[in-house]
Amino acid sequence: MEKSAIYHRPESEMAYLAGKNQFKIRLKTKHNDVAQVEVIYGNFNRINQQRNDDTIDNFDLERPSVEGMKRVFKTELYDYWEAIIPVKVRQRTQYVFHLIGDHDGELLYDAVNVRIYMADFLQSATPFFTPYYQNMFLPVTTPKWAENTVWYQIMIDRFADGNEALDPKDKARWDLDKSTTTNFYGGDLQGIIDKLGYISELGINGIKLSPIFASYSNFKNDPVDFYDISYLFGSKEKFRELVQKAHSYGIKVMVQIPLDRLSDASLQWQDVLRFGPQSRFASWFKVRQFPVTLPDKGQDPEKGYLNVDGNIHMPKLNLQNPTVQQYLSATARYWVETFDIDGWEVLNADEINPTFLNLFTKQMHGIKADFLVLGRYQYFPYGDLSRDFIDSANNSPFNRIIKDFFIDREIRVTDMISQLNDQMMQNTTTTNQNLINELDNFDTPRLLSQCIGNEDLARAIMAFTFLQKGIPSIMYGTEVGMTGDQYPENCAPMLWDKEQQSTEMFLFMQDLIALRHDYAEILNNGDLDWGQSSNKHRYFAFTRNYEGKKLFCLFNFGYGSIKVVLPKNAKLLLQQNLIREDEKLAENGFIICSI
């Protein structure tokens, strides 16, 4: 056995409390190198002391417990093993690993080294320890409803115009004018209210709104005043009506919030421009030099002050300033308490001070116990999620793997499976259940555009995504076949003209979302077991299993058809490009069955 490949890290995603008095332990070994693994656990110190006590009868001696580990995932380099052991609140459990090879003996792995397994190992082992007071580490902050949600992302200005009296004078024509970074189409809160029936009919039970705050841009991610709502969207009373009516449909409401900036038209920034270092808001921003002046063309856009992505109209807030933290927390509290929203999606979460992010999340939970704080990250936040600083995040590694295999066809089937398995093992089970799996968003081309207009491919990718652990999220219009490259083309007005919509795509999305809801228990909590696959023909199969219930899934992304034999007593739930009479599955085809 390859000793250098054997790896375990305590108090991490490889050793954590998975439930009340249940501790999950993971081990990594070289691929196909180990035949069997056991975790041996107990109070080793006490056991050794008893062995040296002649007054204790052998029958009364406390002995170590043994739990067999299951090989849960394989990658091209490693195998991952898991076991759950019972633990006590006020006792640190000690544990070591017993590895058995096919032909090359047995090994003991403890906190110090890997050596030949001997029957008297307890006398010399240096064991790993579970944390003390384990229940304090139980991840309970993410609301249970979140993992059963399918999110629908809406850019308010581009979704539906329900009140023309709010429209700006230079409003763009909905179906005619090209989407730009500066034009307005008149979408508003009333428009969303009018379409809640449509959203519910689709099967959506969570809407994620672009920022709602008073602002001069069409996206509203440059807030002038966090306490006010954009007059182009409607009144605060209208927003309350939207939340209440959404809740009556069983739809949660999340709002995007840019915590790291204000508009250069904000009262605070204007005060800094006027009074310089004497301004009471001078320490609110990351100013490099006074007086503050706009950089000339060609100069460094952050010469005088830090801003967001080089946009001089979005000066960056100093999130290490306690006064700024109090202001942002108070404004966020206002919207939760006053309007009963269900979640915040924090934009540019990479840029948020982790200490403040942790404080912000806890404060939101304190206001509403089942509130969701989601972060939008450029780089995956392993640290923030493992320390429970935030409830969830967009699953950017998943997106990359999907693009590399399904769209760009740059990696093989085994590479895709290996990378997905590796990624899941880098997070706790709870984290994986609550990550947001989205295939397009406001910052990326539309899925159908990524697929070069191939609806079969887009549908197959969505079907695969909805079958994975994690929370699915789609962008408005995906369900009717909207296209568009990078922003702002991807944020064109919603297609409401039936003649321009893809009815086939809409009906498919209805069925897929219904399947996700109907089998949520299996898809959220079940094991993922990979089956037969082929790099040459680019097909693969897998099952999702939970408490005796099972889904069988087969996907074909090769250029030719493959032979299909449905499992016995299988009930076909959803399919694409299945040629029943020939028992074949064509390109971009899939079958999903309950067995």
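Before any of the text, the structure's been laid out above.
Residues numbered from 1 in each chain as written. Predicted model: local features only at pLDDT ≥ 70, side-chain atom pairs only at ≥ 80, totals over all residues. Heavy atoms only, no water.

Describing the overall build of the chain
Scanning the chain from terminus to terminus reveals 16 helices and 28 strands. For 595 residues, the compact-globule formula gives about 25 Å, and the C-alpha radius of gyration of the chain, at 27 Å, lands near that figure. Along the first, second and third principal axes, the C-alpha set of the chain runs to 90 × 75 × 50 Å. Counting only carbon and sulfur atoms, one obtains 47% of the accessible surface of the chain, whose full area is about 26,200 Å². Charge-centre separation for the chain: the mean point of 63 positive side chains lies 2 Å from the mean point of 78 negative side chains. (Helix = DSSP H or I, 4+ residues; strand = E, 2+ residues; numbered from the N terminus. Rg over C-alpha atoms; globule rule 2.2 N^0.38 Å. Areas by Shrake-Rupley, 256 points an atom, 1.4 Å probe, with all protein chains shown as cover. Lys, Arg positive; Asp, Glu negative; His and termini not counted. Charge placed at Lys NZ, Arg CZ, Asp CG, Glu CD.)

Overview of the nonpolar core
With 129 residues, the main nonpolar core has Tyr152, Phe239, Trp344, Phe464 and Phe540 as its most contacted residues. Residue contributions to this core peak at eight residues, all from helix α14 (residues 455–466). If we ignore the near neighbours within four places in the chain, the residues touching Phe540 are Phe405, Phe406, Val413, Met416, Phe464, Trp530, Gln532, Ser533, Cys553, Leu554, Phe555 and Phe557. Judged by nonpolar contacts, the second largest core, of 23 residues, contains Leu27, Val34, Val39 and Ala83. (Core = buried A, V, L, I, M, F, W, Y, C linked by side-chain atoms within 4.5 Å. Buried < 20%, exposed > 50% of the residue type's maximum accessible area, 1.4 Å probe, protein only. Contact = heavy atoms within 4.5 Å.)

A short note on unusual backbone geometry
Omega for the bond connecting Phe290 with Pro291 falls within 30 degrees of zero, at -5°, which places this linkage in the cis form. Following Tyr487, the chain continues into Pro488 via a peptide bond in cis, with omega recorded as 10°. With respect to the helices and strands, the residue Pro488 is situated in the loop between β22 (471–475) and α15 (503–518). The backbone phi angle of Asp309 is positive, close to 55°, even though this residue is not glycine. Here Asp309 shows up in the loop between β16 (307–308) and β17 (311–315). Non-glycine residue Asp340 carries a positive phi angle of around 60°. Structurally, Asp340 is set in the loop between α7 (322–339) and β18 (343–346).

Considering the pattern of salt bridges
For the structure on display, the rule yields 33 salt bridges. With a closest N to O distance of 3.0 Å, Lys171 and Asp167 form a salt bridge. In the salt-bridge network here, residues are joined through shared partners; they are Lys208, Glu345, Arg376 and Glu438. (Salt bridge = Lys/Arg side-chain N within 4 Å of Asp/Glu carboxyl O.)

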